[in-house]
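# Structure at a glance
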Amino acid sequence: MPAPKRPSSIPGVGAPEKVVPTAQVRVVVEDEWPALKKVRLAALQDTPRAFWASYDEVVTWPDERWRLWAASGAAYIAWLGEKPSGLAAGIIHDDEHHLINMWLAPEARGHGLAEGLILAVAGWARRDGASVLTLWVVDGNESGRRLYERLGFELTGETQPFPEGDPRTESKMALRLT
């Protein structure tokens, strides 16, 4: 006798005949550094023009660098079932808490994981005492900008060029945390 089909683990998604993997966002812990590496490299291969770093540069990072990043408590992975399928992280740069490396695999979109990743980084910044979380969004990335605006980010009026040789610009956005 075959095992009974179970309903989707995501409320309101799928039907009892179609099993959908669990979708969740979790902080990365040190021993998950291989998953962090895997998802970061996948992001750089999927959308290489979205990031300042290149796949060729990041793939050469030593394991210790991945371990340190994983142990920082400021990196979050979106999991679709057992597969690392998205990433966002926080850094402190020029005394600002900043969201970086936002990415979701195509198959992970539509499960609320983008919002979950952003809110996780905002929670990290809030716990660290920040009153504002900032990010840079590539000008022309309207879907990204709309997502950030929906979560309360506002344009600051600051812009910056992309790395040398790339004609695009980015706009800074900020979210008040208090």
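Basis of the calculations
Residues numbered from 1 in each chain as written. Predicted model: local features only at pLDDT ≥ 70, side-chain atom pairs only at ≥ 80, totals over all residues. Heavy atoms only, no water. Salt bridge = Lys/Arg side-chain N within 4 Å of Asp/Glu carboxyl O. Helix = DSSP H or I, 4+ residues; strand = E, 2+ residues; numbered from the N terminus. Buried < 20%, exposed > 50% of the residue type's maximum accessible area, 1.4 Å probe, protein only. Phe/Tyr/Trp six-rings, centres within 6.5 Å; stacked < 30°, edge-to-face > 60°.

## Describing the pattern of salt bridges
For the structure on display, the rule yields 9 salt bridges. When the shortest N-O distance is used, the salt bridge between aspartate 63 and lysine 37 registers 3.9 Å. Of this pair, aspartate 63 sits in helix α3 (residues 63–71) while lysine 37 is found in helix α1 (residues 33–46), placing the two residues 26 residues apart along the sequence. With relative accessibility at 32%, the residue aspartate 63 sits in the partly exposed group. The exposure class assigned to lysine 37 is partly exposed, which follows from its relative accessible area of 22%. For lysine 172, the salt bridge is made with glutamate 158, and the minimal N-O distance between the two is 3.6 Å. Taken as a pair, lysine 172 in strand β7 (residues 169–176) and glutamate 158 in strand β6 (residues 154–161) lie far apart in primary sequence, 14 residues in all.

## Considering the packing of aromatic side chains
Evaluated as defined, the whole model comprises 5 aromatic pairs. With a centroid separation of 6.3 Å and 70° between ring planes, the pair formed by tryptophan 61 and tryptophan 69 is classed as edge-to-face. Assessed through its relative accessible area of 15%, tryptophan 61 is described here as buried. A centroid spacing of 5.7 Å and a plane angle of 65° characterise the contact between tyrosine 148 and phenylalanine 153, whose relative ring orientation is edge-to-face.

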